[in-house]
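The residues making up each chain are set out below.
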Amino acid sequence: MRPLQKAAASRNYYRLILESESSRRRPFVCADCRRLLQERRFATDGHTSAQRLDSRRWKKYHTSSKDAAALENHSNAASDNAFFIVDKPSHVSPNQHKEAVPSIRQRLRQWRKDNDTSATSTGSADPEYSKPPGDLSTQIHIPAPNSLVTEESQDDLEGANFIDHDPDPLREYRDDWTAAVSRLNSGDLLELTVPGSTGISESLCICVRSIEIQAQFITSKGYWYVASDYKLNSGKISNFASSDDLAPIIPYLPDTVLQQDHTQGYAASVGDMPIDIAAPIVSKLAQVEQDIDTFERRYASAFDGMYEMLAHDTELVEWDVEDLVPRVFGIPYNELTTAGRLALDRFAARANHDIFRSQYSAETLGFWVRSRRDVQMRKTVIEWARMYQESAAKAALGKDVKEDLRNNPLNAFINKAHRLILKSRKIRSPTTIGLLGPSAESDAGVTIIPVDTGETLTKNDRLIVRFIFETSQMVPPLVPPEAKSICALIYRAIGAYPNLTLGRKVARLLLQELGVISPWSNRAANSYQLRLPGLGIWPYQDRLKAKAEASCKDLSVFQDSVQHARKDWGHMSVYCIDSQSAQEVDDGISIESARNMPDCAWIHIHIANPAAYISPNHPIATMAKDALHTTYTPSRKYGMMPSNFAQELASLGAANDRPVMTVSTLLRADGSIADIEMSLGTIHNVITLTPSAVQNVLEEKRTELATMVIGGARPAQEDVEKDSQKLKQALPDLLRIRQFLHARYYKRQSDWPAEEKMKRKEITVRSDVWTSLREEALPILNHKIRHWKGDPIITIEADRFPRTEENFDFMLLVEHAMLLAGESASKWCKDREIPIIHLTATPHPLFPVSRLNELSDSDYRLEPKGRTSVTPQPHWPLNMWHYTRVTSPIRRYPDLVNQWQIQAYLQAINHKFQDPESADPLRDLPFTRQELEDMIGKMRARLPMLKHAARQCDLHFLHQAFFRAFHFKEAELPEVWDFKVMGAIAQNSRDNISTGITGYLHPFQAQAELLPSVEKWETSVARGQYLPVKIEVVDAEVDKVFVRAVGPPSQSLTTTQPIHIQSSKTSISPGKHSPQQQQR
């Protein structure tokens, strides 16, 4: 057989092939006939299922109570606003959701309607629990135990709006396609989910090669599989297959990328390969499967007892695989075979034994194990639900279930939920997207105030609430998938959400109406893998924080450990440029003329020196190590260090006499570096300035901003006039600092090889989100519950137009200074062989700079990926040969580690100067090179996830602003927006409403998805183009805006007018829960 690349004329071979191994031995059947056969089989299966249900004569179970009746009466009092939950959505007719051919669910429902008469002839034995005549409002529908059909009203399906889809809850924390492809190498073995004619299935695969952003695999069944976005089911086994093993396969793989169309980009395809060519690899993978079975049999008892060996009584714990293997299997980690690693991954992937594999990396870094208490809690709630179902079955047979319900905590919770929901709806209206609307109190001047519900959650109530929360709001979920059915039973029993499918949206809405979570809460922080303190999810971090705070109650106990080695900077002016609200000032800038070098100047970057007060083993350092960095969200700050230590002792803004570590760079007039020095010192003359004031006095070029303010008046801008006197005195120094920093910037560009210089045709706009809300760091699940009146102000600022090559160079002065500090510190440490954490970014082998510069905006690409390393390497986007971060040791743990290393070296050098016979300065550093390598391996997974979570929190409040402005008319929005096409997603199988084309609304970067237009404008759009669109629906629950095109696509923006959106509410008073803007 000739290689496929020699038969390129046969383009059909590159289409999606979803054939199983057995189908190769069957007669050829065309695609149309196969589809008809599948439809006929599907219809037959449905009919047979209905016949099998004929013997299941299960009945409806009805209960009633005053609260339930009042709740339904409240719902029946529907307003004219079709966006509220009591009505169907107005944006899309329910008829659009009906398919031409009835679904299996609809056929079964019709069959039950035609045949099941017992539900209307049998009632409850107790009058108090019987159905009131003519009252349909108090029905609580409970299916018979183990029923194959879940009974639900027509509203449950037809009333659910088209945006009520539940995306993959793990997707936002898995590797994206850029990270996943860039981390795979030829010969790597891993387990993937691969499509086939019988559906998707897990299969061992070997990565053969990558073409652009597509990875090509060979599977254990002998097929080739090509994908750019794929689900990893295991950690990778590096270098499993050699290049000689894979060489015979390559000629039979597609030699170009496979594309579906101009918008959806790259396809995921499966294709045949000659049996004799694939046989060696298939045999090798079959041996791995056999070895996995052997390993599982050998350690069967270890697998069975793994949970008991690893679980903690009361806390969720994380186990590194290096520690887990010796404890469970009794062998060193380095003796764990390939089969053993894959068997361990498969065991964790089953998710029915309360052990979960870490989801944020392609590597198997660790496993999470639920506590025994939480497992028992889940079993208890499931048992209550089972008892509730048994009561339903008894009631259907006419038995008295009053006592059963009275003794069931789930029934008491349902009655309490009725009362709380009624109280909530007097303040806020529920909506069909699964969120509460703004407070009914709309007058200006309203503060955000808690409203006591008069209810408290009992211990049993908290078990149920936590069960719902962990099933629906935790990312990734901490419960098996079957737990969703128990939650659906509870939602249906409450009966307050007739227009929503009983999934995640109902759970979120229920928790908000109960007062457990706030109306503006977001899921981005609800991940146990983030390990954020104060949420009640990660008690270990809470203990670390408490211990660190206890250690610094008395700041006088802290002593400067390197005071003897400090240089006194005298009265040199140090300019700390930060916002007025900044409480943790990390760095300052000063300038000093060079002696005997009139065209040169020293640029000093003075950095806060917390490393002088704490060692790497101090409780504050332990807290910082676990936090990794301060995480800022619009409504909450999760500090890396205790606030009093960071603000009162370490911060440069705390007092004038501040200990610092200084990076000093001697710059020539042309921007070249003449010398670099690092020193420990003390500064006495700190001058604080705001970025806007400095930008004004220096007349730095600014890009036009777009603004959006929702919920009240825009916060007062920083007072530039207040700093006028200080600015007048500082102006000569600031002008000289800018002159040398810009000279260094342009010198850096000119020294970089021209062929390796990245062109920036257009970069993403910058968008900043601020809110007046300051949520307390209380546990998510508390016994005291409350509702809220008032809503936070949300302010968004973004570049009105994308930054291009012409205006990219104009960064703020302080940004140039921080880049210089990182460049100089990295070079200084490299020259002295001091191991520190460097930051690098190198082009992907498939996308060298020469190719990136040739690609257009519509082309997919892999940009240079930043990563940390102990070995200094070039940073292509910054045009630096070496770079690190040292300027934020109060807020970034890697910066603190670097400061410990440099401080120890400087201290040793000072000691050696006094005693020439002292030891080598490199010998007693706090961390060895290997320790830093191990540290980077653990940090590399969590740092991007923390940054991603912070960005998701920004997006959450951004979409909240659109939600309130569009659906509740809190501001007048532009009629037409620019939608930038970025890619496509798999269309929802339940409907064909969306085109699947995704992107964002310029300039605020709101995530958006395109609906089909009558004119079909979207059919000719390409990635990177702009479409003029109108907003149809804002789904703030999934952080997405659904839009419809109103014009043809364009290569540039279609709207250019200024955008300044003002709230219809003119003012709001900052109250207890809305203090002024925090430092970001």
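Residues numbered from 1 in each chain as written. Predicted model: local features only at pLDDT ≥ 70, side-chain atom pairs only at ≥ 80, totals over all residues. Heavy atoms only, no water.

Asks: Would you explain the overall build of the protein chain in this entry?
Replies: Regarding its fold elements, the protein chain presents 27 helices and 32 strands. Taking all 1080 residues of the protein chain together, 54% fall into the buried category. Across the protein chain, contacts joining residues at least 24 apart in sequence account for 77% of those joining residues at least 6 apart. Carbon and sulfur atoms form 50% of the exposed surface of the protein chain, whose accessible area is close to 46,900 Å². (Helix = DSSP H or I, 4+ residues; strand = E, 2+ residues; numbered from the N terminus. Buried < 20%, exposed > 50% of the residue type's maximum accessible area, 1.4 Å probe, protein only. Contact = heavy atoms within 4.5 Å. Areas by Shrake-Rupley, 256 points an atom, 1.4 Å probe, with all protein chains shown as cover.)

Asks: Could you clarify how one ought to interpret helix H15 (residues 409-424) in this entry?
Replies: In an α-helix there are 3.6 residues to a turn, and that puts residues three or four apart on one side. Relative to the 22 Å expected for 16 residues at 1.5 Å per residue, H15 spans 22 Å between its end C-alpha atoms, a close match to the ideal helical length. Along H15, the positions that sit buried rather than exposed are Pro409, Leu410, Asn411, Phe413, Ile414, Lys416, Ala417, His418, Leu420, Ile421, Leu422 and Ser424. N-capping of H15 is provided by asparagine 408, with a side-chain oxygen placed 3.0 Å from the backbone N of leucine 410. (Expected span 1.5 Å × (residues − 1). Polar contact = N/O pair within 3.5 Å; in protein donor to acceptor, adjacent residues only side chain to side chain.)

Asks: Mind showing me how you'd approach the packing of aromatic side chains here?
Replies: The relation between two aromatic rings is expressed through the spacing of the ring centres and the mutual angle of the planes. Counting across every chain of the model gives 21 aromatic pairs. Seen in terms of ring centroids, phenylalanine 295 and tyrosine 299 are 4.6 Å apart; in terms of plane orientation they differ by 45°. Their pairing is tilted. Across the pair, tyrosine 299 and phenylalanine 295 agree in class, each one buried. A centroid spacing of 5.6 Å and a plane angle of 90° characterise the contact between tryptophan 752 and tryptophan 876, whose relative ring orientation is edge-to-face. Residue tryptophan 752 is located in the loop between helix H23 (724-751) and strand S22 (767-771), and its partner tryptophan 876 is located in the loop between strand S26 (865-869) and helix H26 (893-914); the two are separated by 124 residues in the primary sequence. Grouping residues by exposure puts tryptophan 752 and tryptophan 876 together as buried. Each member of the aromatic cluster is reached from another via a ring pair, and the members are Phe295, Tyr299, Phe303, Phe329 and Phe347. Residue placement shows lysine 284 over the ring face of phenylalanine 240; its charged tip is 4.9 Å from the ring centre. Above the plane of the ring of phenylalanine 847 lies arginine 851, whose end atom (NZ or CZ) is 4.7 Å from the centre. (Phe/Tyr/Trp six-rings, centres within 6.5 Å; stacked < 30°, edge-to-face > 60°. Lys NZ or Arg CZ within 6 Å of the ring centre and 35° of its normal.)

Asks: Help me understand the environment of proline 1012 in this model?
Replies: Along the chain, proline 1012 falls in the loop between strand S29 (1006-1011) and strand S30 (1026-1035). According to the relative accessible area criterion, proline 1012 is partly exposed, its value standing at 25%. A C-alpha to C-alpha distance of 9.6 Å links proline 1012 and isoleucine 997, two positions 15 residues apart in sequence. Among all residues touching proline 1012, those that are not within four sequence positions of it are Ile993, Ser994, Thr995, Glu1018 and Arg1044.

Asks: What is the right way to read the sheet that holds strand S8 (residues 317-320) from this model?
Replies: Strand pairing within a sheet occurs via backbone hydrogen bonds; the two strands may be parallel or antiparallel. If you trace the 3 strands from one edge of the open sheet to the other, you get S8-S10-S9, paired in antiparallel fashion. Edge positions in the open sheet fall to S8 and strand S9 (355-357), since each of these has one partner strand only. Going from strand to strand, the sheet's axes swing by 30° on average, the running direction of each strand aside. (Pairing = 2+ DSSP bridges. Axes fitted to C-alpha atoms, helices over the stretch in contact; angles between N-to-C directions.)

Asks: So what exactly am I meant to see when it comes to the side chain of glutamine 903 here?
Replies: Relative to the assigned elements, glutamine 903 resides in helix H26. Relative accessible area serves as the criterion here: at 5%, glutamine 903 is assigned to the buried category. Here glutamine 903 is in contact with Ser561, Val562, Asn609, Ala611, Ala612, Met661 and Leu680, once residues within four sequence places are set aside.

Asks: How should the packing of helix H13 (residues 372-396) against helix H17 (residues 483-494) be read in this particular structure?
Replies: Helix-helix packing is described using two parameters, namely the angle between the two axes and the distance between the axes. At a minimum axis separation of 10 Å, H13 and H17 run at an interaxial angle of 55°. Considering their axes alone, H13 and H17 lie oblique with respect to each other. Considering only the axes of H13 and H17, their crossing is left-handed. Side by side, H13 and H17 meet where Ile382, Ala385, Tyr388 and Gln389 of the first sit next to Ile486, Leu489 and Ala493 of the second. (Parallel < 35°, antiparallel > 145°, perpendicular 65-115°, else oblique. Left-handed = near helix turned anticlockwise from the far one by under 90°.)

Asks: Looking at this model, I keep getting lost on the pairing of strand S1 (residues 189-194). Mind explaining?
Replies: When a strand is regular, its side chains alternate between the sheet's two faces. Along S1, 6 of the 6 residues are buried, which leaves the element largely enclosed by surrounding structure. Burial of S1 is two-sided: the residues Leu189, Glu191 and Thr193 facing one way and the residues Leu190, Leu192 and Val194 facing the other way are all buried.

Asks: How do you make sense of the nonpolar core when you look at a structure like this?
Replies: The nonpolar side chains of a soluble globular protein tend to be buried, and buried together. In this structure, Leu410, Ile468, Phe645 and Tyr893 are the most contacted members of the largest nonpolar core, which totals 102 residues. The dominant element in this core, judged by the number of residues it contributes, is H17, at 9 residues. Setting aside residues up to four positions removed in sequence, leucine 410 forms contacts with Trp384, Ala385, Tyr388, Ile464, Leu489 and Ile490. (Core = buried A, V, L, I, M, F, W, Y, C linked by side-chain atoms within 4.5 Å.)

Asks: Is there a simple way to explain the pattern of salt bridges in this structure?
Replies: A side chain with one charge may pair with a side chain of the opposite charge, provided their charged atoms come close. Following the criterion strictly, the structure yields 41 salt bridges and no others. The partner of lysine 637 in a salt bridge is glutamate 584, with the nearest N and O atoms 2.6 Å apart. Here lysine 637, found in strand S17 (residues 637-638), pairs with glutamate 584, found in the loop between strand S13 (573-577) and strand S14 (587-593); they are 53 residues apart in sequence, far enough to count as distant. Here arginine 744 ties to glutamate 823 by a salt bridge, and the two come within 2.6 Å at their closest N and O atoms. (Salt bridge = Lys/Arg side-chain N within 4 Å of Asp/Glu carboxyl O.)

Asks: Explain unusual backbone geometry here, please?
Replies: A negative phi holds for most residues other than glycine; trans holds for most peptide bonds. Residue proline 1003 follows histidine 1002 across a cis peptide bond; omega there is 10°. Residue position: proline 1003 is located in the loop between strand S28 (997-1002) and S29. The backbone phi angle of glutamate 833 is positive, close to 60°, even though this residue is not glycine. Phi is positive for lysine 1016, which is not a glycine, with a value near 60°. Mapping lysine 1016 onto the fold places it in the loop between S29 and S30.

Asks: Help me understand the environment of glutamine 287, please; the structure alone is not making it clear to me.
Replies: Along the chain, the position of glutamine 287 falls in helix H8 (residues 275-298). The sequence separation of glutamine 287 and alanine 339 amounts to 52 residues, and the corresponding C-alpha distance is 9.4 Å.

Asks: It is not clear to me how the confidence of the model for the protein chain should be interpreted in this structure. Could you clarify?
Replies: Detailed reading of the predicted coordinates is not advisable wherever pLDDT falls low. The pLDDT averaged across the protein chain works out to 77; a share of 74% of its residues lies at or above 70. The model gives residues 75-82 a pLDDT under 50, and that stretch makes 13 contacts with residues more than four places away or in other chains. Counted against residues more than four places away or in other chains, residues 85-101, with its pLDDT under 50, gives 46 contacts. (pLDDT = per-residue confidence, 0-100.)

Asks: Explain the sheet that holds strand S2 (residues 201-211) here, please?
Replies: Taken together, 5 strands build an open sheet; the order of strands is S1-S2-S3-S4-S7 and the sheet is antiparallel. Lying at the two open borders of the sheet, with one neighbouring strand each, are S1 and strand S7 (269-271). Between one strand axis and the next, the sheet turns through 40° on average, direction left out of account. Relative to S2, S1 is paired through 6 bridges, and the arrangement is antiparallel. Within S2, the residue paired with valine 194 across the bridge is serine 201.

Asks: How should I be thinking about helix H27 (residues 929-967) in this particular structure?
Replies: The end-to-end C-alpha distance of H27 is 56 Å, a good match for the 57 Å that 39 residues give at a rise of 1.5 Å each. A bend of about 35° at methionine 939 is the largest found in H27. The first or second residue beyond H27 is lysine 969, which carries a positive phi of 55°. (Bend = angle between axes of the 7 residues up to and from the residue.)

Asks: Where do I start with the packing of H13 against H15 in this structure?
Replies: Where H13 contacts H15, the two axes come as close as 8 Å, and the packing angle between them is 85°. One way to sum up the angle between H13 and H15 is to call them roughly perpendicular. In this structure, H13 contributes Trp384, Ala385 and Tyr388 to the contact, and H15 contributes Pro409, Leu410, Asn411 and Ile414. Split into classes, the residues belonging to the contact of H13 with H15 amount to 6 nonpolar, 1 polar and no charged. (Nonpolar A, V, L, I, M, F, W, Y, C, P; charged D, E, K, R; others polar.)

Asks: How should the side chain of histidine 838 be read in this particular structure?
Replies: Mapped onto the elements, histidine 838 comes out in strand S25 (residues 838-842). Under the relative-accessibility criterion, histidine 838 is labelled buried at 2%. A polar side-chain atom of histidine 838 sits 2.8 Å from a polar atom in the side chain of serine 826. In contact with histidine 838, other than residues within four places in its own chain, are Ser826, Arg867, Thr868, Ser869, Val870, Thr871, Pro872, Tyr883 and Thr884.

Asks: Is there a simple way to explain the pairing of strand S4 (residues 224-227) in this structure?
Replies: Neither face of S4 is open: one carries Trp224 and Val226, the other Tyr225 and Ala227, and all of them are buried. As paired elements, strand S3 (residues 214-219) and S4 share 4 bridges and run antiparallel to each other. Counted as the bridge partner of glutamine 216 is valine 226 from S4. Connecting S3 to the antiparallel partner S4 that follows it, the hairpin turn spans 4 residues, and glycine 222 within it adopts a positive phi of roughly 90°.

Asks: What should I look at first to understand a negative patch on the surface in this one?
Replies: A cluster of acidic residues, Glu322, Asp323, Glu931, Glu933 and Asp934, forms a negative patch at the surface. Mapped by element, the contributors of at least two residues to the negative patch are helix H11 (321-329) and H27. A per-element tally of the negative patch places H27 first, with 3 residues. Within the secondary structure, aspartate 323 is located in helix H11. (Patch = residues over 30% accessible without salt bridge, like charges linked within 9 Å, V, L, I, M, F, W, Y side chains within 5 Å. Lys, Arg positive; Asp, Glu negative; His and termini not counted. Charge placed at Lys NZ, Arg CZ, Asp CG, Glu CD.)

Asks: What am I meant to see in the environment of valine 1046 here?
Replies: Along the chain, the position of valine 1046 falls in the loop between strand S31 (1040-1045) and strand S32 (1060-1061). Overall, the relative accessible area of 38% leaves valine 1046 in the partly exposed class. Not counting chain neighbours up to four residues away, the residues in contact with valine 1046 comprise Val976, Trp1017, Pro1028, Val1029 and Lys1030.

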